[in-house]
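# Architecture at a glance
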Amino acid sequence: MNKKLWTLLAVLIAFMLVLGACNKDSEEPAKGTDEGKTEEGKKEEGKTEETAEEPVAEDSDALFPLEVTNDGNAISGGILKVAMAKDEPFQGIFSSELYEDAYDSEIMGFASNSLFGSDGDFLIDDSGIASMKVDQANNKVTIKIRDGIKWSDGEPLKIEDVIYPYLIIGSKDYTGVRYDANFQNIVGAEEYHNGKADSISGLVKVDETTLEMSLKQISPAIFSGGDGLWTYAAPTHILKDIKIKDLVESDAIRKNPVTLGAFKFDKIVPGESVQFVANENYWKGKPKLDGVLMKIVPTSSISVAMGQGEYDIAFDFSASKMEEVKNFDNIDILGRQELYYSYLGFKLGKYDNDKGEVITDLAGSKMGDVKLRQAMGYAIDVEQVAEVFYNGLRERANSLIPPVFASFYDSSLEGYTFDPEKAKALLDEAGYKDTNGDGIREDKDGKPFEIKFATMAGDDIAEDITQFYLQNWKDVGLNVTLTTGRTIEFNSFYDKVQADDPEIDIFMAAWGTGTDPSPMGLYSKTAQYNFSRFSSDFLEKTLANIDSPEAFDATYRAGQFRAWQEYMAEEAPVIPTMYRYELVPVNKRVKNFNIDYANESLSNLQEVELVSDTGVKSTK
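Numbering of residues starts from 1 in every chain and runs along the sequence as written. Given that this is a predicted model, residues contribute local features only at a pLDDT of at least 70 and side-chain atom pairs are listed and counted only at 80 or more, while totals for whole chains, interfaces and linings are drawn from all residues. Only heavy atoms go into the side-chain values, all of them from the structure, while hydrogens and water stay out.

## Some points on the nonpolar core
What is meant by a nonpolar core is a set of buried Ala, Val, Leu, Ile, Met, Phe, Trp, Tyr and Cys residues, joined one to another through side-chain atoms within 4.5 Å. For each residue, the accessible area found with a 1.4 Å probe, counting protein chains only, is set against the maximum for its type, and the residue is called buried under 20%, exposed over 50%, and partly exposed in between. Grouped together as the largest cluster of nonpolar side chains are 179 residues, with contacts concentrated most on Tyr166, Trp473 and Phe593. Secondary structure elements are defined from DSSP: runs of H or I of at least 4 residues count as helices, runs of E of at least 2 residues count as strands, and each element is numbered from the N terminus. Here this core gets eight residues from one element, more than from any other, and that element is strand β21 (residues 574–587). Residues count as neighbours in contact if any of their non-hydrogen atoms are within 4.5 Å of one another. Those residues within four positions of Tyr166 in sequence are excluded, and the remaining contacts are Ile143, Phe183, Ile186, Ile200, Leu203, Leu211, Met213, Gly228, Leu229 and Trp230.

## Some details on the pattern of salt bridges
We define a salt bridge as a side-chain nitrogen of Lys or Arg found within 4 Å of a carboxyl oxygen belonging to Asp or Glu. Counted according to the given criterion, the structure contains 33 salt bridges. Between Asp246 and Lys245 there is a salt bridge, with the nearest N and O atoms lying 3.4 Å from each other. In this structure, Asp505 engages Lys366 in a salt bridge whose closest nitrogen and oxygen atoms are separated by 3.0 Å. You can see Asp505 sitting in the loop between α13 (490–498) and β20 (506–512) and its partner Lys366 sitting in the loop between β16 (357–360) and α9 (370–379), a full 139 residues away along the chain. Asp505 sits in the buried class, given a relative accessible area of 9%. Among the charged side chains, a network of salt bridges with common partners joins Glu160, Lys205 and Glu208.

## Overview of the pairing of strand β19 (residues 479–482)
The two faces of β19 differ: Val480 and Leu482 on one face are buried, but Asn479 and Thr481 on the other face are not. Across four bridges, strand β18 (residues 450–455) lies against β19 in parallel orientation. Looking at the pairing, Glu450 lines up with Asn479 of β19. Should DSSP find at least two bridges between two strands, the strands are regarded as paired.

## Side note on the packing of aromatic side chains
Both the distance between ring centres and the angle between the ring planes are used here to describe each pair of aromatic rings. Only the six-membered ring of Trp is used, alongside the rings of Phe and Tyr, when aromatic pairs are assigned; centres must lie within 6.5 Å, and planes under 30 degrees apart are stacked while those over 60 apart are edge-to-face, with the rest tilted. By the definition in use, this model includes 33 aromatic pairs. Each ring, one from Tyr166 and one from Phe183, has its centre 6.2 Å from the other, and the planes form 35 degrees; the classification is tilted. Of the two residues, Tyr166 sits in helix α3 (residues 159–170) while Phe183 sits in the loop between α3 and α4 (189–193), which places them 17 residues apart along the sequence. Comparing Tyr166 with Phe183, the two get one shared label, buried. A ring pair is formed by Trp511 and Tyr529, whose centres lie 5.2 Å apart and whose planes are at 70 degrees; its orientation type is edge-to-face. Here Trp511 is found in strand β20, whereas its partner Tyr529 is found in the loop between α14 (520–523) and α15 (537–546), with 18 residues between them in sequence. Residue Tyr529 is classed as buried on the basis of its relative accessible area, which comes to 4%. Here the aromatic residues Tyr103, Tyr341, Tyr343, Phe490, Phe493, Tyr494, Phe507, Trp511, Tyr529 and Phe531 are joined through ring pairs into a cluster of three or more. Charge-over-ring placement is defined geometrically: NZ (Lys) or CZ (Arg) within 6 Å of the ring centre, and within 35 degrees of the ring normal. Lying over the aromatic face of Tyr390, Arg394 brings its terminal NZ or CZ to 4.1 Å of the ring centre. The ring of Tyr340 is capped by Arg580, whose NZ or CZ atom sits 5.1 Å from the centre of that ring.

## Describing unusual backbone geometry
Trans is the prevailing form of peptide bonds, just as negative phi is the prevailing case for residues other than glycine. In this structure, Asn139 is a non-glycine residue whose phi angle is positive, near 55 degrees. Assignment of secondary structure puts Asn139 in the loop between β5 (130–135) and β6 (140–145). Judged by relative accessible area, Asn139 falls into the partly exposed class, the value being 21%. Backbone geometry at Asn592 places phi at a positive 65 degrees, although glycine is not the residue there. Tracing the backbone through its elements, the reader meets Asn592 in the loop between β22 (590–591) and β23 (593–594).

## Remarks on the pairing of strand β13 (residues 331–337)
With six of seven residues buried, β13 lies mostly within the body of the structure. Of the strand pairs in this sheet, β13 and β21 are connected by seven bridges, and their pairing is antiparallel. Its bridge partner lying in β21, Leu334 is registered against Val584.

## Focus: the side chain of Asp547
Mapped onto the elements of the fold, Asp547 is located in the loop between α15 and α16 (554–571). Excluding residues within four positions of it along the chain, Asp547 makes contact with Asn182, Gln217, Ser219, Ala221, Asp227, Ser518, Met520 and Arg557.

## Looking at the packing of α15 against α16
Helix axes are fitted only over the stretch in contact, all axes being lines through C-alpha atoms; the angle between N-to-C directions runs from 0 to 180 degrees. The N-to-C vectors of α15 and α16 enclose an angle of 155 degrees; their axes lie 9 Å apart at closest approach. Relative to α16, α15 is oriented roughly antiparallel. Helix-helix and strand crossings are classified by hand; for α15 and α16 the assignment is left-handed. For the pair formed by α15 and α16, the contact residues are Phe538, Leu539, Thr542, Leu543, Asn545 and Ile546 on the first element and Tyr556, Arg557, Gln560, Phe561, Ala563, Trp564, Tyr567 and Met568 on the second. We call two directions roughly parallel when the angle between them is under 35 degrees, roughly antiparallel when it is over 145, roughly perpendicular when it lies between 65 and 115, and oblique otherwise. Should the near helix be turned counterclockwise from the far one by less than a right angle, the crossing is left-handed, whereas a clockwise turn marks it as right-handed.

## A look at the side chain of Thr487
Summarising the element assignment, Thr487 is placed in the loop between β19 and α13. Judged by relative accessible area, Thr487 falls into the buried class, the value being 3%. Reaching out from Thr487, the side chain makes a polar contact with the side chain of Glu463 at a distance of 2.6 Å. Under this definition, polar contacts are N or O atom pairs within 3.5 Å; protein pairs additionally need one hydrogen-donor-capable and one acceptor-capable atom, and for neighbouring residues in sequence, both atoms have to be side-chain atoms.

Any functional reading would require information that these geometric values do not contain.
The following block contains the structure:
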C-alpha cells in the first residue's frame with residue numbers, strides 16, 4: 001500500500017475513534033445506501049447509481065461479464081428472489097408519472113408500463129409495444145401501438161392509455177416533478193396546464209391504435225425519449241375516475257397497480273417487499289417463472305445473505321462490498337458502467353412553485369461566490385476515496401456526462417482534481433481569510449463563516465467518507481458542519497433538498513441519468529430536479545441548442561454538449577465527483593439473466609429461469 005493510502009487510512013481510523021467516543025451513549029445514526037438515488041425518469045433504463053483512480057471507461061466491459069446463461073436444466077416455474085440493498089423503506093409510488101426515486105423505478109422494472117424498445121445506443125426502435133415515426137419537417141410524431149396488447153387485468157391497451165399520462169403530467173393539479181421545459185414543447189401543453197384548454201391540442205387520436213403528436217420543435221432528443229415524448233402508458237380504465245391530485249396516495253398506485261410488464265403486482269408490504277406473479281397477458285408471452293419476490297435487505301447483511309443463497313439477485317450492491325463476496329463460489333458477479341454520477345451541489349436560489357421555475361439568487365446565497373464553489377471542489381480528495389473504498393470500481397468524474405454516453409462524453413475535460421493549494425489561493429482571492437489565527441477562515445466581512453453540508457446516511461463507509469471530506473475542507477480553512485448534526489436518511493434528505501431547506505448550503509447526492517443524455521430535465525430553469533437552483537441566459541440557451549433542430553448535425557450537438565460541460569465546470573453550481581461501475585451478484589441457480597444495455601433481462605424477463613428449487617450456498 002502506498003504512502004498516500006496509509007495516510008488516508010490513518011486519518012479515517014482517527015475519525016472512527018473520535019466518533020466512537022462521541023456516540024458511545026447515543027443512538028446509532030441511521031444508515032442508508034452508499035449514495036442517494038434519484039433520477040429524471042424518462043426512460044425505463046434510467047435506474048440509478050459505482051468506478052476508479054485508473055479510469056475504466058475505455059474497456060469497462062472486460063472487468064465483469066454481462067450475463068449468466070447457466071446450462072443446467074430449468075425447473076418448472078419457481079420464484080426469483082431479488083434483494084434491494086437499502087437501509088430504509090422504499091416509498092412505494094408505483095407510477096411512471098409520479099415516482100420520485102430510482103428505487104421505486106427499479107421495483108417497477110419487473111412490471112413496466114414502458115411503450116418503446118431501444119437499441120444498444122439507447123435510441124428508440126420498433127421492438128416494443130409501440131412504434132414511432134418522426135416527421136421532422138412538420139414537427140409531428142406518430143405513435144402506433146400493437147394490436148392485441150392487454151393490461152395485466154385483461155383489459156385491452158387503448159390509445160387513450162398512451163394519451164392519459166400527458167393529461168396527468170400536464171394537469172394544474174399534478175403533484176409530480178415532470179412538468180418542465182421538455183413537456184412544454186408539446187403544442188397546447190401550457191394552455192392545458194394553465195386552465196385555458198380542456199385538452200392538449202397537440203395530442204390527436206387518429207384511430208384506436210394511433211396517436212399524432214404536434215411539437216413546437218423536434219431535435220435528436222426525440223429518439224431518446226426527449227422533446228416532450230412520454231414513453232409509458234397509464235390504465236385509463238383504472239385511473240380516469242381518480243382525481244389527479246389524489247393519484248399519488250390512491251390504492252391504484254400504492255396497493256394494486258395494473259401494468260403491462262412481464263409480472264404483475266400481487267402483494268405489497270409497504271416499504272419492505274413486493275411479491276409479483278407472472279402476467280399471463282404479457283405481450284411477449286407468459287414468463288417461465290411463477291413470480292418474483294423483491295425485498296429490502298440491509299447493506300450490512302447483503303453479502304452474507306448472498307453467500308447463504310437467500311437471494312438470487314442483488315440490486316444496488318455497493319462496490320465497497322466486493323471484498324466480502326469476491327470469493328463466494330455460489331454467485332457470478334455481473335458488472336457494467338452505470339448511467340450515473342455523484343456530485344457536490346451548492347444551493348444558489350429557490351424553486352418558485354407558483355411560477356414553476358428556478359429563481360437564482362447568487363447575491364443572496366452563502367455559496368454565491370464562484371471562487372468559493374471552485375475552492376470546495378479542489379479541496380476534496382475524490383481520487384483517494386475511490387481508490388481506498390471502492391476497489392477500483394469508481395473513478396473521479398471529470399464532467400456531468402457519464403462515459404457510457406460515448407458520443408458526448410469528453411475525456412479531455414480536466415474537472416476538479418485534488419489541489420488544496422489552489423483551493424486556498426481561490427479562497428484568498430475571494431476574501432475568505434483567517435483573521436484571528438485559529439486556522440478557520442471568516443467571511444468577507446471578517447465574521448464567523450459556517451457552511452451547512454447535507455449528505456445521506458449510508459453503508460459502513462458512508463460516515464467515514466463524510467468525515468474525510470469535512471477534514472479536507474477544514475484543511476483549507478473552511479468550517480463545514482453537517483446539517484442536522486448527522487448524515488440524513490435517504491427519503492428525508494431528498495425532501496429537504498427539494499424543499500430548499502435553509503439549513504442546507506451544500507449537499508452531496510447522485511443522479512441515475514436515464515438513457516437520454518440531454519441535461520434539460522436536470523438543469524433547465526423549469527426543472528424541479530435542478531436542485532442547485534442555478535440558471536442563466538447562457539445556460540438556458542445552451543440547453544436549448546443541445547435539443548434544437550440544428551442538433552441533428554452531430555458535430556453541432558457534440559459542440560453544444562462540450563460548451564455546456566465547460567460552462568458548468570467554470571460556474572460550478574454542481575461539481576461531479578464520481579462515476580461508478582454497477583455490480584449485480586447473481587446466484588448460480590439463475591438462468592438467462594443479463595445486464596447488457598443492448599439486451600438486458602428487464603426487457604426480456606419472460607426468459608429468465610431457475611435450475612434448482614433453492615438458492616445455491618457458498619462453500620467458502
